[in-house]
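A closer look at the structure
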Amino acid sequence: MNRRHFLQHSASLVAIGATAPAFLSRAVAADKNDPGQRILVIVQLAGGNDGLNTVIPWADDAYHAARPSLAFKRDTVLKINDHIGLHPGLAGMKALYDESALSIIQGVGYPQPNRSHFRSMDIWNTAQPESEITGDGWLGRALDSSAARFAGKVPALALGMENLPLALVAPRTNVPSIRSLDDYQLRFGDVPASDHQLRQSLARKLAGDGKADTSKDDLNFIRKTLGTAIDSAARLKEVAASYEPASPYPQTQLAANLKTVAQLIAGELGTRIFFVSLGGFDTHSRQAGSHAALLAELSGAVAAFFKDLRAHKLADRVLLATYSEFGRRLKENGSLGTDHGAGSQMFVVSGATKAGVFGDHPSLTDLDDGDLKHATDFRSVYATLLDRWLRIPSEPVLGGKFAPVEFLAV
Amino acid sequence: MNLAPYDSHQQGWTRRDAAHLLWRTQCGASETEITRATGDGLEKTLDRLLTPPEEDAAFAEAAALLRQTASDSDNIEPLKTWWLYRMTAGPSPLKEKMCLFWHNLFATSNVKVRSARHMGAQNDLIRTHALGDFKALLAGMARDVAMLIWLDGNANRLRSPNENFAREVMELFTLGVGNYTEADIKEAARAFTGWHVRNDQFWFNRLQHDAGTKGIFSESGNFDGDDVLRLCLKHEACPRFIAMRLLKEFVMPHPDESAIAALARCIRAHDFQMAPVLRELFGSQLFFSASARHSLIKSPVQFVLGTYRALDVRPNLKTTAQIIAGLGQDLFQPPTVKGWEGGRLWITSATLLQRANFAASLTNSDTYGKIGAPLISIEQQAELLLARDADTSPAATYFDKASGSRDDRVRGALHLILTMPEFQTT
C-alpha cells in the first residue's frame, strides 16, 4: 500500500464509521521537508565487523599480502572505484550506491582504540571514550535534550534485541525495547470485557501518573517504564492494523525487524529513532562463510527496506546508518579468521544522502600496532546525524564540537 | 558499612526480616517457609540454607530421568527443564541460586558450544563447587570442554596464540577491566597455548604449548595455565572482583567501597571458600540494612520462580523455561560472554508487559502451572508477596468492583499485585 492508498484506506475507515485513529492527523501533517519528521534507523553490527573485507581495498597489494587466505581476488569485488569495492555479498548495497542512496564513510574510529567488545561497544554507545562511567547513551541524551518535543510519544524504539541498547539509555526518557509487535500487548486471558477494561485501567494506575515522582531510584524507573509500556502498547495496536509492505522482504531476522520499522514509520507512530542489531561478526576463525552470510543478510534487508520506503514515498525522510564496535586486524590469524582491530567504515543509506565515498581508505602500511588508523572521529558522524539530520544540537550531547562529515544533501 | 553480624535478638526478627532473607537466598518463600524461618530465627535458618539435606530418592530419580532426556537428544531445551526442576523441587534452592550466579560469571552459551552434554557437564562442575572452593571451580573451568569451545581453546596454538580465553579470565572471571595490561593478556594467552579439546575431553597438546618464559603482573617464569590462574587469584583485585559480584547479586546494586573492601577481606580470609563467606554476608548488618532491602531488581528467574514458591505452584517446566527466556534470561544461552548484566537492563517496557502477561496467565490458566496456595485475602496476598508497605488499592479496587466469583476476583487482584512495580524488586 503506498502512502496515498494508505490515506484513502484510512479515509474509508472513517467513512464507514470507525473511529479515526489518533495517528492519522499526524500522517496528513507529515512533510518530507520538515526536519521534525525525519527518522534515523541505526543498525548495529555486533561483534566487530571485518571492515577490510566489507569495503575492500582491492587494488592495494598490502591487502592481498596480509590476507593470503581471506583476501578477495580483484575480479570478485563489486568495484566502487579504482581503489575500493564491496564484498560480493553486498549486491543490494552496491545497487543502492549506484542509485545514489549509499554513502560510505571510511576510516571511522576513536583515539586509543579499546579491543574489548564490551568496552568498545560502550564507547560507541555512550560517545564518551574517556569516561569509564557508562550511565547513558548518545541517543538517549539527545532524546532527553529535546524531551518536550516527544512528550506522550514513543520517541525511539529498539527492535528484536535482548536488552535496550546502551545508546538509547537516558535518565529521563524511557525507550521501549521489543522483540516483535505481537509481544507488545497487555493481555488478560479469558475474563469478561468489563473486567478487562477495569483491569487495564487499574494496571495503568500501578504505574502512577509519572509526574509526582521525579526521583531516579529503581522503583520509580520501573513505574515510569510500566506507564510507557501500557500507553505505547495501546498506540502500537492502532498503528499495526493498517500496513502492507510494497515489496517482499528476505526471510531473515534483520529483514523482519526492518519491515516492522517500515510499518511503524508508515503508520506515523511519531517515533524518530529506531535501533536494530545484527550479531555474529566476531569472526575469529573460519570467517569466510559466516561473514559472507552476515553481509548478505545486511545487504538484502537494507535493500528491501529502502525499496519498501520508496514505494511509500518515505525514503527521503529516513536515514539508516550502520556501525560496529571495531574493525579487525589487517593480518588474518592462524585460524582462517581475524582478531579484534580498530577503526572501520560506516554505511549511510538514505534518499537524502550525497552518495559517495567520504574520507580516504586507511593506509595498510602506516599502522598502529598492527591496526588501521582512523581518520574520522565517530563523534563527527554522530554530530552530523544530530545537527543536520535530526536537528538536535550535538554539542551538549557529545560534550564538545565535532566537525561534520558532508554526506547529507539536505 | 562493614560485615558486622546482624544481632537478631537485639534488633528484632520479624516475618519481613525472614521474608527478606528467603527471597534473596532461595528465590521466593511460601507462607509456611516464612512462618518456619520466623520461628527458627536467623542462626538456625542460615544453618539450614547453607547445609542442605541430601537429595531424596524420588527427586534424584526424576532429575536423572530429565537429565538423561537431555543427554540422549543432545538438545538444550530438556537440559533447561532439568535445571529448572532442580531449582524448583530440589533440596537446596541456595545452591541452585549460586549455580546460576556462577553460570552468569563464567557465562558460556550453547549457541556456540552446540552440545547439551558439554553444557550439562559444565553445570555439574559448577554445582560441585557452587558453595565450595572458587579456586577449584576456576581450575575446572579452564579445562572445561564447553568453556574451551566457547573461548576458542583449540585455536590457541604455539605460533598463533588466541587471546580469547586469557582475556576473559582476567576481564570477566577474576579481576575486571583496569587491573591488567594488554601485555599481561598476550603473555597469559601463551601460557594457555595447547589447552585443547580432543574426543570431547580436555587435552594438553604438548606440541602446541609455548614452554618459554612469560611475564605476567611483573612476575616471570615458565608459566602454564594453572600458574596464570594462581597469579590471578593472588592478585589483590580478585577477591574484590568476586565481592563486587556477590554484593550486586545478593545485597545491593551499588555497594560502597567499605562493603566491597570488607567482603573482599572476608573472601581472602576464607581462601575463596564460598559457604563461610556467604554465611557472614547473609548474617551481616549490611544484608539487613535499610539500603539493602528491596534494592535489587528481580531477574526473570527470581521473578518467575519466586512467584511459584510464594504461591506454591506446581510448574509446567517447559513453558516456564520459555517464559524465563522470553523475559531475557535464556538459561545456558546468555547473550554474551559478559553474561546477563541484570539490574535495570531486566526492565524494559516490553519485558514489563511480558511479566504482566505471565502473571495474567498464571492466575487465569494452567499454562505455567497450578497455584497450590490457598486464595487468601488481598491484604494477606500483598504481605506474602511484597513484604513491604505499598499502595495495594488498585488490587483491592479490582476485588471490590469486578464481576465473577470471589476466587475469580482474588485471582484478578493477584494478577495486579504481581504486576506492581514493587513486586519487580526484592
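Residues numbered from 1 in each chain as written. Chains lettered and ligands numbered in written order. Predicted model: local features only at pLDDT ≥ 70, side-chain atom pairs only at ≥ 80, totals over all residues.

1. Comments concerning the overall build of chain B
- Within chain B, the regular secondary structure consists of 24 helices and six strands.
- Relative to the compact-globule value of 22 Å for 426 residues, chain B shows a C-alpha radius of gyration of 23 Å, a close match.
- When burial is assessed residue by residue, chain B has 54% of its 426 residues classed as buried.
- Within chain B, contacts between residues at least 6 apart in sequence are counted, and of these 71% link residues at least 24 apart. (Helix = DSSP H or I, 4+ residues; strand = E, 2+ residues; numbered from the N terminus. Rg over C-alpha atoms; globule rule 2.2 N^0.38 Å. Buried ≥ 20, exposed ≤ 12 C-beta atoms within 10 Å, placed from the backbone. Contact = placed C-beta atoms within 7 Å.)

2. Description of the packing of helix 9 (residues 253–266) of chain A against helix 10 (residues 287–311) of chain A
Residues and elements named next belong to chain A.
- One can describe the packing of helix 9 onto helix 10 by two numbers: an axis separation of 9 Å at closest approach and a directional angle of 20°. By the criterion of interaxial angle, the relationship of helix 9 to helix 10 is roughly parallel. Considering the relative orientation of helix 9 and helix 10, their crossing is right-handed. Across from Leu-254, Ala-255, Leu-258 and Ala-262 in helix 9, the residues of helix 10 making contact are Glu-297, Leu-298, Gly-300, Ala-301, Ala-304, Phe-305, Asp-308 and Leu-309.
- Considered class by class, the residues forming the contact of helix 9 with helix 10 number nine nonpolar, one polar and two charged. (Axes fitted to C-alpha atoms, helices over the stretch in contact; angles between N-to-C directions. Parallel < 35°, antiparallel > 145°, perpendicular 65-115°, else oblique. Left-handed = near helix turned anticlockwise from the far one by under 90°. Nonpolar A, V, L, I, M, F, W, Y, C, P; charged D, E, K, R; others polar.)

3. Re the interface of chain B and chain A
- Opposite the 43 residues of chain B that make contact, chain A presents 45 residues.
- If you list the elements that add at least two residues to the side of chain B that touches chain A, you get helix 12 (164–174), helix 21 (349–364), helix 23 (393–401) and helix 24 (406–419) of chain B.
- Here the residues of the side of chain B that touches chain A are counted per class, giving 17 nonpolar, 18 polar and eight charged.

4. Details of the domain arrangement of chain B
- Assigned domains of chain B: these are domain 1 (151–234) and domain 2 (300–424).
- One C-alpha centre belongs to domain 1 of chain B, the other to domain 2 of chain B, and the line joining them spans 44 Å. (Domains from an automatic or database assignment.)

5. As for the nonpolar core
- If you look at the biggest cluster of nonpolar residues, it comprises 259 residues, and the most contacted ones within it are Ala-188, Val-228, Leu-263 and Ile-417 of chain B.
- Per-element tally for this core: the top contributor is helix 10 of chain A, with 10 residues.
- The two domains that each donate at least three residues to this core are domain 1 (151–234) and domain 2 (300–424) of chain B.
- When residues no more than four places from it in sequence are discounted, the contact partners of Ile-417 of chain B are Gln-381, Ala-382, Leu-385, Thr-392, Ala-395 and Phe-423 of chain B. (Core = buried A, V, L, I, M, F, W, Y, C linked by C-beta atoms within 7 Å.)

6. Observations concerning the sheet that holds strand 3 (residues 78–79) of chain A
All names here are of chain A.
- Taken in spatial order, the three strands make up an open sheet running 2-4-3, and their pairing is antiparallel. With partners counted over all chains shown, the strands left at the sheet margins are strand 2 (55–56) and strand 3, one partner each.
- When strand 2 meets strand 4 (residues 85–86), the two strands line up antiparallel, connected through two bridges. Bridge pairing links Ile-56 to Gly-85 in strand 4. (Pairing = 2+ DSSP bridges.)

7. Re helix 14 (residues 225–234) of chain B
- Of all the residues in helix 14 of chain B, the buried ones are Gly-225, Val-228, Leu-229, Leu-231 and Cys-232 of chain B. Here the buried residues of helix 14 of chain B occupy an arc of 160° about the axis, which is enough to place them on one side. (Arc of directions from axis to C-beta.)

8. Focus: helix 2 (residues 15–26) of chain B
Residues and elements named next belong to chain B.
- Between its terminal C-alpha atoms helix 2 stretches 16 Å, which fits the 16 Å expected from 12 residues at 1.5 Å a residue.
- The buried fraction of helix 2 amounts to 10 of the 12 residues, a majority that puts the element mostly inside the structure.
- Where helix 2 ends, the next residue or the one after it, Cys-27, has phi of about 60°, a positive value. (Expected span 1.5 Å × (residues − 1).)

9. Some points on the pairing of strand 2 (residues 201–204) of chain B
Residue and element names in this part refer to chain B.
- Summarising the sheet, strand 1 (residues 195–198) and strand 2 pair through four bridges and their orientation is antiparallel. Along strand 2, the bridge assignment pairs Arg-198 with Gln-201.
- Where strand 1 folds back on strand 2, the antiparallel hairpin that results is connected by two residues, among which Asn-199 adopts a positive phi of roughly 50°.

10. Comments concerning the pairing of strand 5 (residues 102–109) of chain A
All names here are of chain A.
- Burial analysis of strand 5 places eight of its eight residues in the buried class, the great majority of the element.
- As judged from the five bridges shared by strand 5 and strand 10 (residues 344–350), these two strands associate in the antiparallel manner. Note that in strand 10 the partner of Val-108 across the bridge is Ser-344.
- In this sheet, strand 11 (residues 356–358) lies alongside strand 5 in parallel orientation, the contact comprising three bridges. The partner of Ile-105 across the bridge, within strand 11, is Phe-358.
- Inspection of the sheet shows strand 5 paired to strand 12 (residues 376–377) by two bridges, in the parallel sense. Looking across to strand 12, one finds that Gly-109 is bridged to Asp-377.

11. Details of unusual backbone geometry
Residues and elements named next belong to chain B.
- Located in the positive-phi region is Asp-152, a residue other than glycine, with phi close to 60°.
- Mapping Asp-152 onto the fold places it in the loop between helix 11 (145–150) and helix 12.
- Although it is not a glycine, Asp-271 adopts a positive phi angle of roughly 50°.
- Tracing the backbone through its elements, the reader meets Asp-271 in the loop between helix 16 (257–269) and helix 17 (274–282).

12. Considerations on the confidence of the model for chain A
- Of the residues in chain A, 87% reach a pLDDT of 70 or more, and the chain-wide mean stands at 86.
- A low-confidence stretch, residues 1–30 of chain A (pLDDT under 50), is modelled with 31 contacts involving residues beyond four sequence positions or located in other chains. (pLDDT = per-residue confidence, 0-100.)

13. With respect to the environment of Ala-241 of chain A
- You can see Ala-241 of chain A is positioned in the loop between helix 8 (218–240) and helix 9.
- It is 51 Å that separates the C-alpha atoms of Ala-241 of chain A and Ala-59 of chain A, two residues lying 182 residues apart in sequence.

14. Description of the environment of Leu-21 of chain B
Residues and elements named next belong to chain B.
- Among the secondary structure elements, Leu-21 is positioned in helix 2.
- Among the residues examined, Leu-21 registers 24 C-beta atoms within 10 Å and is labelled buried.
- Considered as a pair, Leu-21 and Ile-34 are 13 residues apart in the sequence and their alpha carbons are 9.5 Å apart.
- Apart from the residues lying within four places of it in its own chain, the contact partners of Leu-21 are Ala-37, Thr-45 and Phe-282.

15. Points about the environment of Trp-58 of chain A
All names here are of chain A.
- Note that Trp-58 resides in the loop between strand 2 and helix 3 (61–66).
- When the 22 C-beta atoms within 10 Å are taken as the criterion, Trp-58 is described as buried.
- In this structure the C-alpha to C-alpha distance between Trp-58 and Phe-275, which are 217 residues apart in sequence, comes to 32 Å.
- Each residue touching Trp-58, except ones within four places of it in the same chain, is listed here: Phe-72, Arg-74, Val-77, Ile-84 and Gly-85.

16. Notes on the packing of helix 7 (residues 193–206) of chain A against helix 24 of chain B
- One can describe the packing of helix 7 of chain A onto helix 24 of chain B by two numbers: an axis separation of 10 Å at closest approach and a directional angle of 25°. Overall, the two elements helix 7 of chain A and helix 24 of chain B adopt an arrangement that is roughly parallel. Taken as a pair, helix 7 of chain A and helix 24 of chain B cross one another with a handedness that is right-handed. Of helix 24 of chain B, the residues touching helix 7 of chain A (which contributes Asp-195, Arg-199, Leu-202, Ala-203 and Leu-206 of chain A) are Gly-412, Leu-416 and Thr-419 of chain B.
- A per-class count over the contact of helix 7 of chain A with helix 24 of chain B returns four nonpolar, two polar and two charged.

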